[in-house]
Amino acid sequence: MSEIKIPFSKETVSIGVSFDVPKEKETIIIGSPEDVKRYFLSGVSGDNIDIRTRKLGTLIDEMNKLAQSADGDKMAKLIAASNGLCEVLNSGKGSSLAAEFKDTLSDMYDNSQNANMLFNYIIFFILTNFNLNHKALNKKISFFCFRNAKCGKEVCGAV
């Protein structure tokens, strides 16, 4: 398994894009919303964001490549891993069963300068949302019961 450059955001992920038309450059940033905002406002980068500055138009090329499924095997692998993580969540299975799918996605994340940043964003988004949902599902569940005043029936539920 390769190490993903971006640590998982605690709650959500963001992608930021800046276009410098006179210099024909675009900058694409993936990370937590706070880190992306900090980079755009103060130029401060760190280990929590992934930044690429490339030729203007690269983002459009990446969108077209993903839309046309130019690399179908790569997308099929991503979808299979994503579906595997959903199954882990839906079935209430432990995180050890998710390791295979998380490793697959981590191995697909590309740290090279020519990486498809939209594809990387999708991977980051899937992994972050899995971690967030898995954490939420592992919280302690407490049950409550009360008697409905109108009909007198006992109603039970979970919090």
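Before reading on, note that the structure itself is shown above.
Small disclaimer: the values here were computed from a predicted structure and weren't measured.

Rules of the game
- Residues numbered from 1 in each chain as written.
- Predicted model: local features only at pLDDT ≥ 70, side-chain atom pairs only at ≥ 80, totals over all residues.
- Heavy atoms only, no water.
- Helix = DSSP H or I, 4+ residues; strand = E, 2+ residues; numbered from the N terminus.
- Buried < 20%, exposed > 50% of the residue type's maximum accessible area, 1.4 Å probe, protein only.
- Contact = heavy atoms within 4.5 Å.
- Areas by Shrake-Rupley, 256 points an atom, 1.4 Å probe, with all protein chains shown as cover.
- Phe/Tyr/Trp six-rings, centres within 6.5 Å; stacked < 30°, edge-to-face > 60°.
- Lys NZ or Arg CZ within 6 Å of the ring centre and 35° of its normal.
- Pairing = 2+ DSSP bridges.
- Core = buried A, V, L, I, M, F, W, Y, C linked by side-chain atoms within 4.5 Å.
- Salt bridge = Lys/Arg side-chain N within 4 Å of Asp/Glu carboxyl O.

Remarks on the overall build of the protein
Step number 1: Scanning the protein from terminus to terminus reveals five helices and five strands.
Step number 2: Each helix and strand of the protein, placed in order from N terminus to C terminus, yields the pattern β-β-α-β-α-α-α-α-β-β.
Step number 3: Looking at the protein residue by residue over its 159 residues, the buried ones come to 31%.
Step number 4: Of all intrachain contacts in the protein linking residues separated by at least 6 positions in sequence, the fraction that spans at least 24 positions is 57%.
Step number 5: Of the roughly 10100 Å² that the protein leaves accessible, carbon and sulfur atoms contribute 54%.

Describing the packing of aromatic side chains
Step number 1: A full pass over the atoms with the stated rule returns two aromatic pairs.
Step number 2: A centroid spacing of 5.9 Å and a plane angle of 70° characterise the contact between Tyr39 and Phe40, whose relative ring orientation is edge-to-face.
Step number 3: On the accessibility criterion, Phe40 (38% relative accessible area) is partly exposed.
Step number 4: Ring centres of Tyr121 and Phe125 lie 6.2 Å apart, and the angle between their planes is 35°; this geometry places the pair in the tilted category. Remark: Phe125 and Tyr121 occur in helix H5 (residues 117-137); sequence separation between them is four residues, near one turn of the helix.
Step number 5: The ring of Phe119 has Lys74 sitting right over it, with the charged end atom 4.5 Å from the ring centre.

A look at the pairing of strand S1 (residues 14-20)
Step number 1: Pairing analysis gives seven bridges linking S1 to strand S2 (residues 25-31), with the strands arranged antiparallel. Considered in S2, the bridge of Gly16 is made with Ile29.
Step number 2: Linking S1 back to S2 in an antiparallel pair, the connection comprises four residues, with Glu24 at a positive phi of about 55°.

So, the nonpolar core
Step number 1: Counting 23 residues, the largest nonpolar core has Leu78, Leu85, Leu105, Met108, Phe119, Ile123 and Phe130 as the members making the most contacts within it.
Step number 2: Put simply, the parts of the chain that give this core at least two residues each are S2, helix H2 (58-67), helix H3 (72-91), helix H4 (99-108) and H5.

A few points about the pattern of salt bridges
Step number 1: Inspection of the entire model under this criterion finds three salt bridges.
Step number 2: The salt bridge involving Arg38 is made with Asp35; its shortest N-O contact spans 2.6 Å. With Arg38 and Asp35 both in helix H1 (residues 33-42), this residue pair falls three residues apart, about one helical turn.
Step number 3: A residue is classified by how much of its surface remains accessible, and Asp35, at 11% relative accessible area, is buried.
Step number 4: The residue Arg52 makes a salt bridge to Asp50 at a minimum N-O spacing of 2.3 Å.

Here we look at unusual backbone geometry
Step number 1: A positive phi is found at Glu24, a non-glycine position, where the angle reads about 55°.
Step number 2: Mapped onto the elements, Glu24 comes out in the loop between S1 and S2.

Some words on the environment of Ser82
Step number 1: Mapped onto the fold, Ser82 is located in helix H3.
Step number 2: The class of Ser82 is buried, set by a relative accessible area of 18%.
Step number 3: Sequence separation of Ser82 and Phe130 is 48 residues, and the distance between their C-alpha atoms is 8.9 Å.

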